[in-house]
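Observations on the three-dimensional arrangement
Here are the chains, one letter per residue:
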Amino acid sequence: MSTERTSTHRHRSIAEEPVTSVLPDGDVPYDPTHEFNPDEEVLAALGYKSEFKREFSLFTTFCVSFAVLGLLPSFASTLYYGMGYAGTAGMTWGWIIAMVGIQCVAMSMAELCSSMPTSGGLYYAAAVLAPPGWGPFAAWITGWSNWCAQVTAAPSVNYGISAMILAAASISNPDYVPQSWQVFLLTVFIMIIHAALSSMPTKWLAQFNSAGSTFNFLALIVVIIMIPAGTDRTDRGLPRFAPSSEVWGTIYEGTAFPPGVAVLMSFIGVIWTMSGYDSPFHLAEECSNANLASPRAIVLTSATGGIFGWFLQLVVAYTVVDIEQVLDSELGQPFAAYLMQCMTQKMTLAILALTIIAGFSMGQGCMIAASRVTFAYARDDCFPLSKYWKRVNKHTQTPANAVWFNCVIGILLLLLIFGGDLAIGALFSIGAIAAFVAFTIPIFIRVFFVGNRFRPGPWHLGKFSIPIGVTASAFVALMVPILCLPSVVGADLTPADMNWTCLVYGGPMFLVTIWWFVSARKWFKGPKVNIEHMMLGRGESIDGQGLADAKDRDDSSGDGKLAQIKTS
């Protein structure tokens, strides 16, 4: 084989890549006395200095993201939406349809992560991929949307766990009726524990989350087995399992919309449950071999979650007795009400215990991911008082200030508990829609503005990149308005039945947009990108004249320093 044919597969330095420094001397994260490892070289080329210990591996990164995904507690917390809008049909074949779109989003995100493995993740990618002049605005909208999803994740998960704990207490003592202030205080207590744990050193975090994620996975398997094996439907005069024609063919009329739209509305449960696979992107600066391990962890999390989540949906769909009673139960927690319909009290409490412990691990993972996002955005001065939130604790080498900042914001959001179920449900609405908007903005830009000029990392989709990205963008464009629909329409629609997602998410994002045009556009320049990617169209091609132009620009600018990177 000739040299020309093999040259594209050799390792080369950034001096041979279409990448130049755009920072003045002294600001380039390059230290001639320090020998950079490949991960540090990649990050330096992207404009940042490595500040974390890279003690996450593919497995431990997957463990954090799978814990954030939290299939069992996520399913338990959102059963009201998945079952309430379309019944068992939405839970069975509806889940499969939703997972096609979600998996496309995950694979497109993984491709971006391999190319740009930074804690800023989607926010950084949006800035780099956007057309010239639009990078800061794309980063601003993506960043704030993603932060809204991240900062509401731990409070919503912990609220669900607190509701399950108190529902278990109600099952054990029927005279006990949980009060809102008790749910609030218990949730705040869990938030504080999670914040303390999330401030630990990276190595401890990796070990803790590996144990938590292992338990999460095992608990999921155990519950999938326990429900069909332990159901007592036959003791209640029912067949052990509902007939397949009923499970797959009956759409519960939980909305005023046609059955097809009702199934799409039920996807809020799938989307919220499956919105944790972006965590490896945000942990990329703490992961070794990040431009391969992180995208693999993203795809592995989404695929594993999709398969096992569907199994969990199936066992519940085949054993539920009365959907209406599940939704209207006085227990205040649909999953607990469902278990009481088809299981003995001891089995119900055992499954709830497994779900609660798994949920605790999930909330911990959410807190970690959110703190890394806050740190990354504060590093680029996105927040007020960013100089405090971007500090890395010198003892733990973790962004402890960002952890506690998010904890305080989360506790303030939990005051929605006193506004009733409708108000606190807004946390779940924000989590679903904000996450997917943030996920898709850089994917949309990459597909429709960058196209074949995209410079992929070692993990990429090849010729399937554009079709998969188009499918991901179309799926989210369809789901955003669907997720804003109320369950009833016309004269039956009251403030109590209104879907407040458009206000709860759209309101803050509208204010953030106004902030941009009034003030932020004057001082916010997006992430401190240290390169000019050829995907931005500032050159004709990856090789040849485009490279020469990049080098000429660098020489003429006087910056003079080229960080080094190795790519395959």
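Residues numbered from 1 in each chain as written. Predicted model: local features only at pLDDT ≥ 70, side-chain atom pairs only at ≥ 80, totals over all residues. Heavy atoms only, no water.

Moving on, we get to the overall build of the protein chain. Each helix and strand counted, the protein chain has 22 helices and 0 strands in total. The burial tally for the protein chain puts 58% of its 568 residues in the buried class. Sequence-distant contacts in the protein chain: of pairs separated by 6 or more residues, those separated by 24 or more amount to 83%. Carbon together with sulfur atoms contributes 64% to the accessible area of the protein chain, which is approximately 22,300 Å² in total. (Helix = DSSP H or I, 4+ residues; strand = E, 2+ residues; numbered from the N terminus. Buried < 20%, exposed > 50% of the residue type's maximum accessible area, 1.4 Å probe, protein only. Contact = heavy atoms within 4.5 Å. Areas by Shrake-Rupley, 256 points an atom, 1.4 Å probe, with all protein chains shown as cover.)

Note that soluble globular proteins tend to have their nonpolar side chains buried in a common cluster. Membership of the largest hydrophobic core comes to 152 residues, with the highest contact counts inside it found for Ile102, Trp140, Tyr277, Phe335, Tyr338 and Phe436. It is helix α4 (residues 71–115) that provides the largest number of residues to this core, a total of 22 residues. Setting aside chain neighbours within four positions, we find Tyr277 in contact with Leu69, Ile102, Val105, Ala106, Met109, Ile298, Thr301, Ser302, Phe436 and Phe439. In terms of nonpolar packing, the next biggest core, distinct from the first, is built from 5 residues, Ala242, Val247, Leu314 and Ala317 among them. (Core = buried A, V, L, I, M, F, W, Y, C linked by side-chain atoms within 4.5 Å.)

Before going further, it helps to spend a moment on empty space enclosed by the protein. Counted according to the given criterion, the structure contains 8 cavities of 30 Å³ or more. Quantified by volume, the largest cavity comes out at close to 180 Å³. Around the largest cavity sit 19 residues that line it, and Val68, Ala149, Ala153, Ser275 and Gly276 are the ones nearest its centre. Listed by contribution, the elements that provide at least two residues to the lining of the largest cavity are α3 (58–69), α6 (135–172), α11 (267–273), α16 (345–379) and α19 (421–450). It is α6 that contributes the most residues to the lining of the largest cavity, 4 residues altogether. Looking at the lining of the largest cavity, its residues break down into 10 nonpolar, 8 polar and 1 charged. Within this model, the second largest cavity holds a volume of roughly 90 Å³. Around the second largest cavity, the lining comprises 13 residues; the ones closest to its centre are Gly82, Ser266, Gly269, Val270 and Gln313. Looking at the lining of the second largest cavity, the elements that each hand over two or more residues are α4 and α11. Ranked by residues supplied to the lining of the second largest cavity, first place goes to α4 with 8 residues. (1 Å grid on protein atoms, 1.4 Å probe; cavity = no way out; pocket = protein on both sides within 12 Å on 5 of 7 lines; lining within 4 Å. Points joined across faces, edges and corners; volume = space filled by probe spheres on them. Nonpolar A, V, L, I, M, F, W, Y, C, P; charged D, E, K, R; others polar.)

The next point concerns the packing of α4 against α6. Remark: α4 packs on α6, axes separated minimally by 10 Å, with the N-to-C direction vectors making an angle of 80°. One finds that α4 runs roughly perpendicular with respect to α6. In this structure, α4 contributes Pro73, Ala76 and Ser77 to the contact, and α6 contributes Gly160, Ile161 and Met164. For the contact of α4 with α6, the residue count by class is 4 nonpolar, 2 polar and no charged. (Axes fitted to C-alpha atoms, helices over the stretch in contact; angles between N-to-C directions. Parallel < 35°, antiparallel > 145°, perpendicular 65-115°, else oblique.)

Let's shift gears to the packing of aromatic side chains. The geometry of an aromatic ring pair is captured by two quantities: the separation of the ring centres and the angle between the planes. In the structure shown here, the tally under the stated rule is 27 aromatic pairs. One aromatic cluster is present, formed by Tyr123, Trp134, Phe137, Trp140, Trp144, Trp147, Phe405, Trp515, Trp516, Phe517, Trp523 and Phe524 through successive ring pairs. (Phe/Tyr/Trp six-rings, centres within 6.5 Å; stacked < 30°, edge-to-face > 60°.)

Moving on to a nonpolar patch on the surface. A cluster of nonpolar side chains, Trp181, Leu185, Val408, Leu412, Leu415 and Phe418, forms an exposed patch at the surface whose accessible area comes to about 620 Å². Every element with two or more residues in the nonpolar patch is listed here: α7 (180–198) and α18 (400–413). Residue class for Leu415 comes out partly exposed when judged on its relative accessible area of 44%. (Patch = residues over 30% accessible without salt bridge, like charges linked within 9 Å, V, L, I, M, F, W, Y side chains within 5 Å. Salt bridge = Lys/Arg side-chain N within 4 Å of Asp/Glu carboxyl O.)

Turning our eyes to something else, we now look at the pattern of salt bridges. If you walk through the whole model with that rule in mind, you get 2 salt bridges. We note a salt bridge from Glu111 to Arg446, for which the minimum N-O separation is 3.7 Å. Note that Glu111 is positioned in helix α4 and Arg446 in helix α19, a separation of 335 residues in sequence. Here Glu111 and Arg446 have matching classes, each one buried. Its salt-bridge partner being Arg236, residue Asp232 comes within 3.1 Å of it at the nearest N-O pair.

At a minimum axis distance of 8 Å, the contact between α4 and helix α8 (residues 202–230) shows a crossing angle of 60°. Classified by the angle between their axes, α4 and α8 sit oblique to one another. Across the interface between the two elements, Leu71, Leu72 and Pro73 of α4 pack against Asn216, Ala219, Leu220 and Val223 of α8. Classifying every residue of the contact of α4 with α8 by side-chain character gives 6 nonpolar, 1 polar and no charged.

Our focus in this paragraph is the environment of Ala378. Positionally, Ala378 belongs in helix α16. With a relative accessible area of 0%, Ala378 lands in the buried category. Taking C-alpha positions, Ala378 is 8.9 Å from Arg391, a pair spaced 13 residues apart along the chain. Leave out the neighbours within four places in its chain, and Ala378 touches Phe383, Ser386, Trp389 and Lys390.

What follows deals with helix α13 (residues 290–319). Under the 1.5 Å per step criterion, the end-to-end length of α13 is 43 Å for 30 residues, consistent within 8% with the ideal 44 Å. In terms of residue burial, α13 counts as a mostly covered element, since 22 of its 30 residues are buried. (Expected span 1.5 Å × (residues − 1).)

Of note, Thr304 is situated in helix α13. By relative accessible area, which is 14% here, Thr304 ends up buried. There is a polar contact of 2.7 Å between the side chain of Thr304 and the backbone oxygen of Leu300. Here Thr304 is in contact with Phe62, Phe66, Leu71 and Phe217, once residues within four sequence places are set aside. (Polar contact = N/O pair within 3.5 Å; in protein donor to acceptor, adjacent residues only side chain to side chain.)

Note on placement: Ala149 falls in helix α6. Along the primary structure Ala149 and Leu427 are separated by 278 residues, whereas in three dimensions their C-alpha atoms are 8.7 Å apart. Setting aside residues up to four positions removed in sequence, Ala149 forms contacts with Gly431, Ala434 and Ala435.

Here the protein chain averages 78 in pLDDT, while 81% of its residues score no lower than 70. No element of the protein chain has a lower mean pLDDT than helix α22 (residues 545–557), which averages 35, and none a higher one than helix α20 (residues 465–482), which averages 93. Within the model, pLDDT remains below 50 along residues 1–31, and this stretch shows 73 contacts once partners closer than five positions in the same chain are excluded. (pLDDT = per-residue confidence, 0-100.)

For the rest of this paragraph, the subject is the side chain of Thr255. Structurally, the position occupied by Thr255 is in the loop between α9 (244–249) and α10 (259–265). For Thr255, a relative accessible area of 12% corresponds to the buried category. Side-chain polar atoms of Thr255 contact the backbone nitrogen of Phe257, separated by 3.2 Å. Beyond its immediate chain neighbours, meaning those up to four positions away, Thr255 contacts Tyr85, Ala262, Met265 and Ser487.

Of note, Val100 is situated in helix α4. In this structure the C-alpha to C-alpha distance between Val100 and Thr471, which are 371 residues apart in sequence, comes to 8.9 Å.

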